Protein chains: 6
Amino acid sequence: MNNVLNFGIPKGSLENATVELFKKAGWQISISSRSYFPGVDDSEMNCKLIRPQEMGKYVERGTIDAGIAGRDWVRENEADVVEVCEMVYSKVSRRPARWVLVVGSDSKVQGPEDLHGATISTELVGFTKRYFAERNIPVNVEFSWGATEAKVVDGLCDAIVEVTETGSTIKANGLRIVCDLMESVPVLLASTSAWADPWKREKIEQIATLLKSSLAAEGMVGLKMNAPASRIEAITKVLPSLKNPTISHLYNSDWLSVESIMSEKEVRRVVPELLKLGAEGIIEYPLNKII
Amino acid sequence: MNNVLNFGIPKGSLENATVELFKKAGWQISISSRSYFPGVDDSEMNCKLIRPQEMGKYVERGTIDAGIAGRDWVRENEADVVEVCEMVYSKVSRRPARWVLVVGSDSKVQGPEDLHGATISTELVGFTKRYFAERNIPVNVEFSWGATEAKVVDGLCDAIVEVTETGSTIKANGLRIVCDLMESVPVLLASTSAWADPWKREKIEQIATLLKSSLAAEGMVGLKMNAPASRIEAITKVLPSLKNPTISHLYNSDWLSVESIMSEKEVRRVVPELLKLGAEGIIEYPLNKII
Amino acid sequence: MNNVLNFGIPKGSLENATVELFKKAGWQISISSRSYFPGVDDSEMNCKLIRPQEMGKYVERGTIDAGIAGRDWVRENEADVVEVCEMVYSKVSRRPARWVLVVGSDSKVQGPEDLHGATISTELVGFTKRYFAERNIPVNVEFSWGATEAKVVDGLCDAIVEVTETGSTIKANGLRIVCDLMESVPVLLASTSAWADPWKREKIEQIATLLKSSLAAEGMVGLKMNAPASRIEAITKVLPSLKNPTISHLYNSDWLSVESIMSEKEVRRVVPELLKLGAEGIIEYPLNKII
Amino acid sequence: MNNVLNFGIPKGSLENATVELFKKAGWQISISSRSYFPGVDDSEMNCKLIRPQEMGKYVERGTIDAGIAGRDWVRENEADVVEVCEMVYSKVSRRPARWVLVVGSDSKVQGPEDLHGATISTELVGFTKRYFAERNIPVNVEFSWGATEAKVVDGLCDAIVEVTETGSTIKANGLRIVCDLMESVPVLLASTSAWADPWKREKIEQIATLLKSSLAAEGMVGLKMNAPASRIEAITKVLPSLKNPTISHLYNSDWLSVESIMSEKEVRRVVPELLKLGAEGIIEYPLNKII
Amino acid sequence: MNNVLNFGIPKGSLENATVELFKKAGWQISISSRSYFPGVDDSEMNCKLIRPQEMGKYVERGTIDAGIAGRDWVRENEADVVEVCEMVYSKVSRRPARWVLVVGSDSKVQGPEDLHGATISTELVGFTKRYFAERNIPVNVEFSWGATEAKVVDGLCDAIVEVTETGSTIKANGLRIVCDLMESVPVLLASTSAWADPWKREKIEQIATLLKSSLAAEGMVGLKMNAPASRIEAITKVLPSLKNPTISHLYNSDWLSVESIMSEKEVRRVVPELLKLGAEGIIEYPLNKII
Amino acid sequence: MNNVLNFGIPKGSLENATVELFKKAGWQISISSRSYFPGVDDSEMNCKLIRPQEMGKYVERGTIDAGIAGRDWVRENEADVVEVCEMVYSKVSRRPARWVLVVGSDSKVQGPEDLHGATISTELVGFTKRYFAERNIPVNVEFSWGATEAKVVDGLCDAIVEVTETGSTIKANGLRIVCDLMESVPVLLASTSAWADPWKREKIEQIATLLKSSLAAEGMVGLKMNAPASRIEAITKVLPSLKNPTISHLYNSDWLSVESIMSEKEVRRVVPELLKLGAEGIIEYPLNKII
């Protein structure tokens, strides 16, 4: 049976957001605490829960055909995979994750070069070793089993490489960011063999299209109004130019129906202007997807 | 004051789903933990919370005019009522409830006939007695106050008749399903006297229409797009044929606006094809009701 | 930098409803438990959390330009401010808050005049003093730090002036309402100086328009259907007359598309009639705003 | 293997209090949500969770040897069992449960005899039928599946027989207690065959002794002090006379050590008097059991 | 009926700790969310829940005979009451509450005298006014309805007078403590009339004795051991000297039983020494009260 | 400052049980979610939260002087440390943790030797590699980031090495234990340098003594009774022989006071016998420590 795609759902911090996004895109993925196997209402898919840290390895081997994980872990593992597209999840955050080099606030370290001979604790051992090796800075990189920030606070190591979004937690703990080492966003990965298989590639692209349509609709709404034909040019100028509005004649009337897609922020700006231009019966309605 | 319909809301497992469904259908039913009387924003209705096991009895007597309960309990009580329509609640489950005959996994029972002389524990005493009597199998049917499955595990009885959806809990407890005795879905009941009263019957039918419209909209969405007039035939062929799409001319243009209703699963299939056929500005929006 | 509006969000019982309403209106206000400063995604606004009791004072001084608070507290403080519009939040309640005069159920007091020389406990000291002074009834008004109802139950005072919506809690505690002293709804306030500044006034009016549009859409839906041209008059008569329906020709057909805005309660009445008149493909969809 | 006692733990409202009491008495009973079989750290016992309503039936049959349940359900089932002792659980309440006859507050019913021909709803059908039959009052007794109080409020029946402790919930719902029909406390039951078996009887008596010792210690404490020998008579008079105090000589001294068991309430009274009589070094310590 | 003491339980932050302390002292106070009247198992007491801010006022008037509240609020109200004793609750904190003068971290204010003409926001208006008046510093003191710290952060006032224990929350919000104005602990208050009534005074003293005994037992334990008579002097020297140990002869033996009261911290130090001195069978047991 | 001991508290599954145990032993360790530094009320100690996986490494280096961790992780890291004593925590479980070799239930693997060439996923990479190397079985051992059991279910590896107590979760997931590889209990570790320092060694031994005393008291109680001198021999024979009972004369009486320490389970057996022998006034009281 060739026509099944093995797909990896990232276990952990992206898990709920991924399931939620698939739901908007039209797939019901059900993760039960009683079972290791997520269910999905698509007979052409087979889902597995995989740690982001291991996603690259299993996609590279072809054990699974495609999956979603942070780009940081793909690079950590130097996985040989196809990156299909980025997935910027607004539910988690629109900001990319940053891996930063961090020291205590009273440390004299100003740049990576000041860490000559130091002990660095991190979950991202491979990337960190390569980063310092490329710069010819000899350091001792140790794997951290967690609570990495506490180690530099406690004096158990000299510096850490840790993930953050805004840096605010790091500051709140009295630590200092020396510099950024890498930015990361979630990506949709495919194995090279799945990408070479026409059926699998089409399936992966279908998934990518619908996931991206759902992401594109976040914060977007439809605005619909009636407008006198004589003001239609002025009104269409006010509307955002990204997509053309849909305009149609009304029955037995000189008025037109105008419908346009825009962000909620643009609505704030546009509505007062539309009222001045004589638009009537303005309503705003929600959207699921913009394709 | 004739123009009030007494309506029974099923207390217990269907309670929240029923209130939620009425909300979608346009009625706000408010159940307070401080009061026995659910409120409803319709001066023509009067709601009462009734156990599903007792709904049939009270509708039969005409104490209440109509109500929602599982068909299993209507049959258990052999209630003489009008069944207006089925209500398959997706929020609880699309699968009907099954009453099954269950024994321990090491029991030798292969069919109902092997239970000659046995003790059977169940909440559905009347139906179970009739079932075995019709087959001339003498059994001792005992009322179970709950935790029925435990009784067969503990050896307190020989078999049980219990409700399940998938059978998975039964298997997880090391029990075995011998056979199915009855399937059940929620039904909207009316008393024969209310059904004979024109005003009450029209009111019950209004409620039935709107509840069913809300159920019909679950998992359904609207898809709207602009299409070149030259491709309109190909595009309408791709769309699900259940309902005709609504097509209208766009202002000062050769393009048409196309709008169709379909399930979220069909969207997954349709969107890639529409893109190939040249549809543009595709958006998906949510629906409350399909009538 | 002139172009920033300082806006007061009411801390406490209206807080979540206000943030929710701004969200529907297109503004994301984020209140963190770690910070005193609510964030807002509008560079022209600066939000502060202010107790409703103190909102009038700070708006009057111009410390903040505008804000939302109950009219009761504006009157308590006799604040000299501009009341831009009322905001009736359905999420909290559509009923206005009532300040009532309350005594124990066995008290002989029948009207305010029976409280000559009595001790009255309330959070609304200024208003209560003025109320009794205007009627020449000497009373001793004491500030209550909370749990005001308990004071009259415990015999710590003779009467209280307390806020309620339905009076049901007061009855449940065995107390009796003597009379209503004031009704109150949330209002949008502006300082006189901000209202005199053209940029600030326009900004305040933009906020008022969008908040009111969101409130207006609560409980409202869009209904869309196809109708034979021959029945269009009868059908439009059935639709609520508040807003004209939007009607347009369908492509290659004698049918028309009809779209109308109405409340969910009207849908209950309208749908059975539309079906009788031959409307087809009726769908109901949700709305965000009605402007 | 004869030396195992099958013991029934009452599922439901007494469940946690029973497990807690056994823990104080020295047995760890572990009830897992994943399993029907409670574990117990005594190889001579085997526990089962049984509904109180069904305990009498299973003890009577000897399916289980002994168990704890309310006396009300033992009488409802007219079970032929040995009542070993009462168990008044303070954690639930020291007051016995009362089954009362209840009507709406505006009913004219003043006594059971006024219910001639009425419909009575209750969970305790057998007892209620016998109660009215003994008084030659014909009534229609119906089994209630729960929410019994709502039925008399809603007018679905004329009266109910319901359990209560203080009657406060009944009053809060606007109902009225006509009279008490039965009082009930938890009892330890044994089957006649187990009671006739010397080993089982001794085991049941061991359990009874230790459960009662733990109940006896609730609210009781030990009080220990040093007292001059010259005041010992006055001091022992002040102490509660239920148990004699334990008095011993102190080393190289004319003082005595006095130790007594009393309730926490008696401590409140006794301590000020002891201080006046010259007792010193008074300490209070907790007790687990009083045998 | 003279022999009832009206006692005020402080509603709010001290409420649970007060109820807990009374429980240890031997009184069960039950506060129900459904009732304003706390119950108590002592027919000589009658409890009321009173805000600490209002406790002084009601005790002064004799509306209640005695109560517990922070000394800060007694001073704020300049209540003319008898302070029976202090109650340092370890469950809340052993540190007294401090009322401090606070400014923004970039303020130039170094002492109260720098606040000439400033606006100060506080819940403790009376005390603050007197504090500055005594020092001849003219300030504008405004009542704060809560979230006082936010006001100085937001620039709504120049300084605040606020309560804190460690000052850490104030620092975390970027504010600075200028100086301490008052320290406060909970106190047991009595009205002058209750104190003059012999029965009431004795009752208040009984309560005070038992509450203090319970507080004294917190963190204290009993240590009991057997010791050879020959080492008894060395062993008693090691034991804390606060209370004399209780020593008695053992039956048919040269050994003595030694029992002493000490804090858990002293146990850490004492046990290794006792082992070296030949003590045997050392056990530690918990205490409820030390009188 | 030499006289401070750096002590590692194990973060994670043993964390709460360790803090609880120290509390019983007389040390208050406070772990705040706001701070990395646990506080402790002993100026001679300094606590740090360390993952069990890293405890051995930091103790070996002397970064911390002593700590508690599972013996499994000490062996995984082959840490060169002093094992002071075992700590069998009853709150977590009295059973030691077992590291087991696990395969799918339909696997043909019967012993480690059948895994020639297989891929094994585990968190315990070092130990697992050594285990198979010692047996000359070539395998590919991969580090698992968690959810290890799912990997063998999903076919991502051939076998796993995982920790369990009872094996029940493994069976519930449809897996099979091939054999046990190692048992582990928590141990108190010290660095070789701290153990050589007299002050630090004495401090570590003080901690060990008190922790063990608290563990020894779990499930143990004191039993005290009065006994006639004539029956004292028979009574002492019934008491558990581990510790001699403490016996003393009563004042002006032929009775003796007898006090003994035993487990709760022994109480169940002993009490009925003591009653037969004429003991009176038997009480049971709780213990904190047995040294």
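Quick notes on the rules
- Residues numbered from 1 in each chain as written.
- Chains lettered and ligands numbered in written order.
- Predicted model: local features only at pLDDT ≥ 70, side-chain atom pairs only at ≥ 80, totals over all residues.
- Heavy atoms only, no water.
- Helix = DSSP H or I, 4+ residues; strand = E, 2+ residues; numbered from the N terminus.
- Rg over C-alpha atoms; globule rule 2.2 N^0.38 Å.
- Contact = heavy atoms within 4.5 Å.
- Areas by Shrake-Rupley, 256 points an atom, 1.4 Å probe, with all protein chains shown as cover.
- Lys, Arg positive; Asp, Glu negative; His and termini not counted.
- Charge placed at Lys NZ, Arg CZ, Asp CG, Glu CD.
- Axes fitted to C-alpha atoms, helices over the stretch in contact; angles between N-to-C directions.
- Parallel < 35°, antiparallel > 145°, perpendicular 65-115°, else oblique.
- Nonpolar A, V, L, I, M, F, W, Y, C, P; charged D, E, K, R; others polar.
- Pairing = 2+ DSSP bridges.
- Buried < 20%, exposed > 50% of the residue type's maximum accessible area, 1.4 Å probe, protein only.
- Buried area = accessible area lost by both parts, 1.4 Å probe.
- Salt bridge = Lys/Arg side-chain N within 4 Å of Asp/Glu carboxyl O.
- Polar contact = N/O pair within 3.5 Å; in protein donor to acceptor, adjacent residues only side chain to side chain.
- Least-squares fit on C-alpha atoms with pLDDT ≥ 70 in both.
- Expected span 1.5 Å × (residues − 1).
- Domains from an automatic or database assignment.
- Phe/Tyr/Trp six-rings, centres within 6.5 Å; stacked < 30°, edge-to-face > 60°.
- Lys NZ or Arg CZ within 6 Å of the ring centre and 35° of its normal.

**Describing the overall build of chain A**
Scanning chain A for helices and strands turns up 10 helices and 17 strands. A globule of 291 residues ought to have a C-alpha radius of gyration of about 19 Å, yet chain A, at 25 Å, is considerably larger. C-alpha extents for chain A along the principal axes are approximately 80 × 55 × 35 Å. Taking the intrachain contacts of chain A between residues at least 6 apart in sequence as the baseline, contacts between residues at least 24 apart amount to 71%. Here chain A has roughly 12,400 Å² of accessible surface; of this, 46% comes from carbon and sulfur atoms. Distance between charge centroids for chain A: 3 Å, based on 34 positive and 39 negative side chains.

**Describing the packing of helix α8 (residues 198-216) of chain B against helix α10 (residues 264-276) of chain C**
Between α8(B) and α10(C), whose axes approach to 10 Å, the crossing angle comes to 95 degrees. One element, α8(B), and the other, α10(C), form an angle in the roughly perpendicular class. Touching Glu202(B), Gln206(B), Thr209(B) and Leu210(B) of α8(B) are Val267(C), Arg268(C), Arg269(C), Val271(C), Pro272(C), Leu275(C) and Lys276(C), all from α10(C). A breakdown of the residues in the contact of α8(B) with α10(C) according to their chemical character gives 5 nonpolar, 2 polar and 4 charged.

**Describing the sheet that holds strand β5 (residues 66-70) of chain F**
Residues and elements named next belong to chain F. Strand order across the open sheet formed by 5 strands is β4-β1-β5-β12-β6, with mixed pairing between neighbours. The sheet is open, and its two borders are formed by β4 (45-50) and β6 (82-86), each paired with just one other strand. Strand-to-strand, the axes of this sheet are offset by a mean angle of 30 degrees, without reference to chain direction. When β6 meets strand β12 (residues 186-190), the two strands line up antiparallel, connected through 4 bridges. Bridge pairing links Cys85 to Leu188 in β12. Lying on the sheet, helix α1 (residues 15-25) is in contact with β1 (5-10), β4 and β5; it crosses β1 at an angle near 130 degrees. Of the strands in this sheet, β1, β4, β5 and β12 touch helix α2 (residues 52-61), which is tilted by about 145 degrees from β5.

**So, the environment of Arg201(F)**
All names here are of chain F. Looking at the secondary structure, you find Arg201 in helix α8 (residues 198-216). Judged by its relative accessible area of 33%, Arg201 falls in the partly exposed class. Separated by 70 residues in the primary sequence, Arg201 and Tyr131 place their C-alpha atoms 34 Å from one another. The contacts of Arg201, once residues within four sequence positions are left out, are Ala194 and Trp195.

**A closer look at the interface of chain E and chain D**
Listed as interface residues are 26 residues of chain E and, on the opposing side, 21 residues of chain D. Approximately 2,000 Å² of surface area, both sides summed, lies buried where chain E meets chain D, with 55% of it carried by carbon and sulfur atoms. It is Asn288(E), Lys289(E) and Ile291(E) in chain E that bury the most area against chain D; as a group they hold 27% of the surface buried on that side. Between the two partners, chain E and chain D, sit 5 salt bridges. A salt bridge links Asp41(E) to Arg268(D); the shortest N-O distance between them is 3.4 Å. At the surface where chain E touches chain D, the tally comes to 9 residue pairs in polar contact (both at pLDDT 80 or more). Elements supplying a minimum of two residues to the side of chain E that touches chain D: α1 (15-25), α8 (198-216), β14 (246-249), β15 (255-263), β16 (280-286) and β17 (289-290) of chain E.

**A closer look at the side chain of Thr122(C)**
Residue and element names in this part refer to chain C. Along the chain, Thr122 turns up in strand β8 (residues 119-122). The buried category is assigned to Thr122, whose relative accessible area is 0%. There is a polar contact of 3.0 Å between the side chain of Thr122 and the backbone nitrogen of Leu124. Leaving out residues up to four positions away in the same chain, Thr122 has contacts with Trp99, Thr128, Val141, Glu142, Phe143, Ser144, Thr148 and Val161.

**Re the relation of the copies chain E and chain D**
It takes a turn of 119 degrees to lay chain E on chain D, together with a shift of 0.1 Å along the axis; the resulting RMSD is 0.2 Å. Overall, the copies show the geometry of a three-fold rotation axis. Taking C-alpha positions as reference, the residue of chain E nearest the rotation axis is Pro286(E), located at 4.1 Å. An asymmetric contact is evident, with only 15% of the interface residues of chain E recurring at the interface of chain D.

**Concerning the relation of the copies chain F and chain A**
Relative to chain A, chain F is turned by 180 degrees and slid 0.1 Å along the rotation axis, the superposed coordinates differing by an RMSD of 0.1 Å. Both copies are brought into coincidence by an operation consistent with a two-fold rotation axis. Across chain F, the rotation axis passes nearest the C-alpha of Trp145(F), at a separation of 4.9 Å. An overlap of 96% is found between the interface residues of chain F and their copies at the interface of chain A, pointing to a shared contact surface.

**A word on the environment of Ile29(C)**
Residue and element names in this part refer to chain C. Mapped onto the secondary structure, Ile29 falls in strand β2 (residues 29-30). When the C-alpha atoms of Ile29 and Val19 are compared, they prove to be 6.1 Å apart, with 10 residues separating the residues in sequence. With sequence-adjacent residues up to four places away left out, Ile29 is seen in contact with Ile9, Val19, Phe22, Pro38, Gly39, Val40 and Cys47.

**Some thoughts on the sheet that holds strand β6 (residues 82-86) of chain E**
Residues and elements named next belong to chain E. Judged by pairing direction, the sheet is mixed, and its 5 strands sit side by side in the order β4-β1-β5-β12-β6 without closing on themselves. The outermost strands of the open sheet, each flanked by one partner alone, are β4 (45-50) and β6. On average, adjacent strands in this sheet sit at an angle of 30 degrees to one another, irrespective of strand direction. Contacting β1 (5-10), β4, β5 (66-70) and β12 (186-190), helix α2 (residues 52-61) runs over the sheet at an angle of about 145 degrees to β5. The sheet contacts of α8 involve β1, β4, β5, β6 and β12, and relative to β1 the element is tilted by about 35 degrees.

**A few points about the pairing of strand β1 (residues 5-10) of chain A**
All names here are of chain A. Within β1, 6 of the 6 residues are buried, leaving the element largely enclosed by the surrounding structure. Burial along β1 is two-sided: Leu5, Phe7 and Ile9 facing one way and Asn6, Gly8 and Pro10 facing the other are all buried. Inspection of the sheet shows β1 paired to strand β4 (residues 45-50) by 6 bridges, in the parallel sense. Residue pairing in the sheet places Gly8 in a bridge with Lys48 of β4.

**What to know about α8(F)**
All names here are of chain F. Look at α8: 26 Å from first C-alpha to last across 19 residues, which is about the 27 Å you get at 1.5 Å a residue. By the burial criterion, the buried members of α8 are Lys200, Lys203, Ile204, Gln206, Ile207, Ala208, Leu210, Leu211, Ser213, Ser214 and Leu215. The backbone nitrogen of Trp199 lies 2.9 Å from a side-chain oxygen of the residue at the head of α8, namely Asp197.

**Remarks on the domain arrangement of chain A**
Taken domain by domain, chain A holds domain 1 (5-92 + 186-217), domain 2 (97-184) and domain 3 (221-286). Placing the centre of domain 2 of chain A and that of domain 3 of chain A at their C-alpha centroids yields a distance of 52 Å.

**A few points about helix α10 (residues 264-276) of chain E**
Residue and element names in this part refer to chain E. Taking 1.5 Å per residue, 13 residues should reach 18 Å; α10 reaches 19 Å between its end C-alpha atoms and fits that length. The complete set of buried residues in α10 reads Val267, Arg268, Val270, Val271 and Leu274. Positive phi appears at Gly278, one or two residues downstream of α10, with a value of about 95 degrees.

**What to know about the arrangement of the chains**
When C-alpha atoms are compared, chain A and chain D, though not in contact, are closest at a spacing of 11 Å. One finds no contact linking chain B with chain E; the least C-alpha distance across the pair is 11 Å.

**Brief notes about the packing of aromatic side chains**
Tallied over the entire structure, the rule returns 57 aromatic pairs over all chains. Ring centres of Trp145(C) and Trp73(E) lie 5.2 Å apart, and the angle between their planes is 70 degrees; on these two criteria the pair is classed as edge-to-face. Residue Trp145(C) is found in the loop between β9 (140-143) and α5 (148-153), and its partner Trp73(E) is found in helix α3 (residues 71-76); the two belong to separate chains. Using a relative accessible area of 21% as the deciding quantity, one classes Trp145(C) as partly exposed. Between the aromatic rings of Phe127(E) and Tyr131(E), the centroid separation amounts to 6.3 Å while the plane-to-plane angle is 35 degrees, which identifies the pairing as tilted. Note that Phe127(E) and Tyr131(E) are positioned in helix α4 (residues 125-134) at a spacing of 4 residues, about one turn of the helix. The exposure class of Tyr131(E) is buried, given its relative accessible area of 10%. Here the aromatic cluster, defined as three or more aromatic residues joined through ring pairs, consists of Trp73(A), Trp99(A), Phe143(A), Trp145(A), Trp73(F), Trp99(F), Phe143(F) and Trp145(F). Across the ring face of Tyr131(B), the terminal group of Arg135(B) is positioned such that the distance to the ring centre comes to 3.7 Å.

**Focus on the pattern of salt bridges**
The final tally for this structure, using the stated rule, is 120 salt bridges over all chains. Lys276(C) is paired through a salt bridge with Glu202(B); the nearest N and O atoms lie 3.6 Å apart. Of the two residues, Lys276(C) sits in helix α10 while Glu202(B) sits in helix α8, which places them in two different chains. Taking relative accessible area as the criterion, Lys276(C) reaches 62% and is therefore assigned exposed. Glu202(B) sits in the partly exposed class, given a relative accessible area of 48%. Residues Glu218(C) and Lys24(C) are paired through a salt bridge, measuring 2.9 Å at the closest nitrogen-oxygen approach. Linking Glu218(C) in the loop between α8 (198-216) and β13 (220-228) with Lys24(C) in helix α1 (residues 15-25), this pair joins segments that are 194 residues apart in sequence. Given the relative accessible area of 14%, Glu218(C) is considered buried. Shared partners join several salt bridges into a network, and the residues in it are Lys224(A), Glu259(A), Lys224(B), Glu259(B), Lys224(C) and Glu259(C).

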